[in-house]
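# Descriptive analysis of the structure
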Amino acid sequence: MLESSLLADLRAVVGEQALLTGERVRECATDVQGHPPGAAALLRPRSTAEVSQILRLCHARAQPVVPHGGRTNLVEGTASSASEIILSLERMSRIERVDEAGRTMRVEAGAILQRVQEEAERHDLMFPLDLGARGSCTIGGNISTNAGGVRVVRFGMMRNLVLGLEAVLADGTVLNSLNRMLKNNAGYDLKQLFIGTEGTLGIVTRADLRLVPRPRSVATAFVACADFAALVRLYAHLDACLGGQLSAFEALWPEFYAITTSERTGHASVLPHDHGMYGLVETLGSDPGSDPQRLEQGLEQALEAGILADAVVAKSESERRAIWEPREDVWQVQEQYGLTFNFDVSLAIEEMAAYLARLRRDVAARFPHGRTFAFGHIADGNLHVIVAPGAAAAEASEPAEEVRDAVERIVYEPLRAIGGSISAEHGIGLERRAHLAVSRTPEEIATMRALKAALDPKRILNRGKVIES
Ligand code: ZN
């Protein structure tokens, strides 16, 4: 139970309207996977000063706080319990300034990614981070999870796009590390403490983002190859012949492509279903006259070399959308199969085929009706795997926890030997915490704990996420 005197103090900071309790919390804080919040109170501050006052009050009473952005994470990174308070940055969504000459943008943490992309475009610039949840995820969430997405192959992850930030520490101290310069080696780069640390070391309130020139051309193709090895050769070929324009290279295994283009989805299949492997290629360039031809030439060469089996190049924005929709509609698996488990692993491209073959074999052996769906950003070494254990497992023939444990072991354990990661871009949250040691050494985890103890000695920030604390 929360102390009523604390709630009264917090109400005095944010005002009556910005402190939600009871059923309103559930309405406003359920995550994208449908998990309702456990917390009984939710605060919606309007400014860094309010966040600072909130944390000062909570720190004094050792009151745990769970920061919320767009709640699109898939690893229980925003899960809360009855003894916690949610701190939502949703009302801190201002875009404060765009510096066209320096190509930077200063925003508050609650700004929605898509709004940031659109604002950059109005200034003839681009904010290159892009992912399926663009319409609801926030910049603060993107920073705290070091978000990746579909353009990492060219522009890097969120870490590459953050020049500086402002964060509030557990005791309410405002740490101003805002910075619009590309170069700043004046001592420790403190912003890194808050990028990818999932709100466990501080709460990001503002950021300086790096922008790039707005591309003048976009060319998109959907491709089919005989097998995974051929798709990897296609990636190397296109990356070499497109002069740095290759901006997305996605892989879709046939089961995934089949389910996201099945009749009930409404998504058209632009290529037949009998190929061994599918890919999505996109270039961003400077010349709408010649760039699409350049991609087509590259694809023709691949066809002649026997690397490529078939390809379709989008001729309009609606054709481009038709190519992307099946790739981004990842919820189809859950909608059509019910119980599913989502994974996001990293491993070397050369290990991928063998890893997936083993995973499929192990899933089939453990779950006779189990299905494995795979897609991902293979140029980044990032596979997304969805395991559907099948109806029998879903009908409680065995406890849900046992099913989850078995699936997680099948997916994670083989990564140990090949130096893979249990999280490429989704983070650890609560869901993957127990498996952290697959990808991190005891010394690394001890150093994480030391940082946590130094910056949040009362363990009030997103308690229990990433590492046990
Ligand atoms: Zn992804």
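The sections below set out a description of the structure shown in this document. Treat the numbers as computed from the prediction; the structure is a model and nothing was measured.

### Comments concerning the overall build of the protein chain
- A count of helical and extended segments in the protein chain gives 17 helices and 18 strands.
- Burial analysis of the protein chain (469 residues in total) assigns 54% to the buried set.
- Of the contacts made within the protein chain by residues no fewer than 6 positions apart, 72% connect residues no fewer than 24 positions apart.
- A total accessible area of about 19700 Å² is found for the protein chain, and carbon and sulfur atoms account for 49% of it.
- If you average the places of the 50 positive and of the 61 negative side-chain charges in the protein chain, the two averages end up 6 Å apart.

### Regarding unusual backbone geometry
- Its identity as a non-glycine residue notwithstanding, Arg 103 has a phi of 55 degrees, on the positive side.
- Looking at the secondary structure, you find Arg 103 in the loop between strand 5 (95-99) and strand 6 (104-108).
- You can call Arg 103 partly exposed: its relative accessible area is 37%.
- We note that Asn 146 has phi near 45 degrees; this positive angle belongs to a residue other than glycine.
- Take Asn 146: it is sitting in the loop between helix 5 (139-144) and helix 6 (152-155).

### Points about the nonpolar core
- Formed by 54 residues in total, the largest nonpolar core has its most connected members in Val 116, Phe 127, Ile 139, Ile 143, Leu 165 and Leu 209.
- Not counting chain neighbours up to four residues away, the residues in contact with Val 116 comprise Ile 95, Met 105, Val 107, Ala 111, Phe 127, Ile 139 and Leu 209.
- Counting residues in each nonpolar core, the second largest holds 52 residues, with Leu 246, Val 281, Ile 428 and Val 466 among its members.

### Thoughts on the coordination of the zinc ion
- All of the protein donors around the zinc ion are His 377 (NE2), His 384 (NE2) and Glu 425 (OE); their distances to the metal are 1.8 to 2.2 Å.
- In primary-sequence terms, the residues that donate to the zinc ion follow H-x6-H-x40-E. Note that His 377 is positioned in strand 17 (residues 371-377) and Glu 425 in the loop between helix 15 (400-417) and helix 16 (436-439), a separation of 48 residues in sequence.

### As for the sheet that holds strand 18 (residues 382-388)
- Taken together, 7 strands build an open sheet; the order of strands is 15-12-14-13-17-18-16 and the sheet is antiparallel. For this open sheet the edge positions go to strand 15 (310-313) and strand 16 (341-346), each flanked by a neighbour on one side alone. Taking each pair of neighbouring strands and ignoring which way they run, the sheet shows an average axis angle of 15 degrees.
- By the bridge criterion, 9 bridges tie strand 12 (residues 217-225) to strand 14 (residues 277-285) in an arrangement that is antiparallel. The residue bridging Val 223 from the neighbouring strand is Gly 279, located in strand 14.
- Against the sheet, helix 10 (residues 291-304) engages strand 12, strand 14 and strand 15, with an angle of about 15 degrees to strand 12.
- Sheet contacts for helix 15: strand 16 and strand 18; angle to strand 16, the most-contacted strand, approximately 10 degrees.

### Some thoughts on the pairing of strand 12
- Judged by how many residues are buried, strand 12 sits mostly within the fold: 8 of 9 residues are covered.
- In the sheet, strand 12 pairs with strand 15 via 4 bridges, with the strands oriented antiparallel. Paired with Val 223 across the strands is Ala 311, a residue of strand 15.

### Re the pairing of strand 16
- For strand 16, the buried fraction is high: 6 of the 6 residues fall into the buried class.
- The two faces of strand 16 match: Phe 341, Phe 343 and Val 345 on one face and Asn 342, Asp 344 and Ser 346 on the other face are all buried.
- With 6 bridges connecting them, strand 16 and strand 18 associate as antiparallel partners. Bridge pairing links Phe 343 to Val 385 in strand 18.

### Things to note about the sheet that holds strand 6
- The strand order 5-6-10-8-9 describes an open sheet built from 5 strands, whose pairing is antiparallel. With partners counted over all chains shown, the strands left at the sheet margins are strand 5 and strand 9 (174-177), one partner each. The average angle at which neighbouring strand axes cross in this sheet is 10 degrees, direction not considered.
- Looking at chain direction, strand 8 (residues 162-168) and strand 10 (residues 203-210) are connected through 6 bridges and run antiparallel. Within strand 10, the residue paired with Gly 164 across the bridge is Asp 208.

What counts, and at which threshold
Residues numbered from 1 in each chain as written. Predicted model: local features only at pLDDT ≥ 70, side-chain atom pairs only at ≥ 80, totals over all residues. Heavy atoms only, no water. Helix = DSSP H or I, 4+ residues; strand = E, 2+ residues; numbered from the N terminus. Buried < 20%, exposed > 50% of the residue type's maximum accessible area, 1.4 Å probe, protein only. Contact = heavy atoms within 4.5 Å. Areas by Shrake-Rupley, 256 points an atom, 1.4 Å probe, with all protein chains shown as cover. Lys, Arg positive; Asp, Glu negative; His and termini not counted. Charge placed at Lys NZ, Arg CZ, Asp CG, Glu CD. Core = buried A, V, L, I, M, F, W, Y, C linked by side-chain atoms within 4.5 Å. Donors = N, O, S within 2.8 Å, 3.2 Å for Na, K, Ca; no water. Pairing = 2+ DSSP bridges. Axes fitted to C-alpha atoms, helices over the stretch in contact; angles between N-to-C directions.

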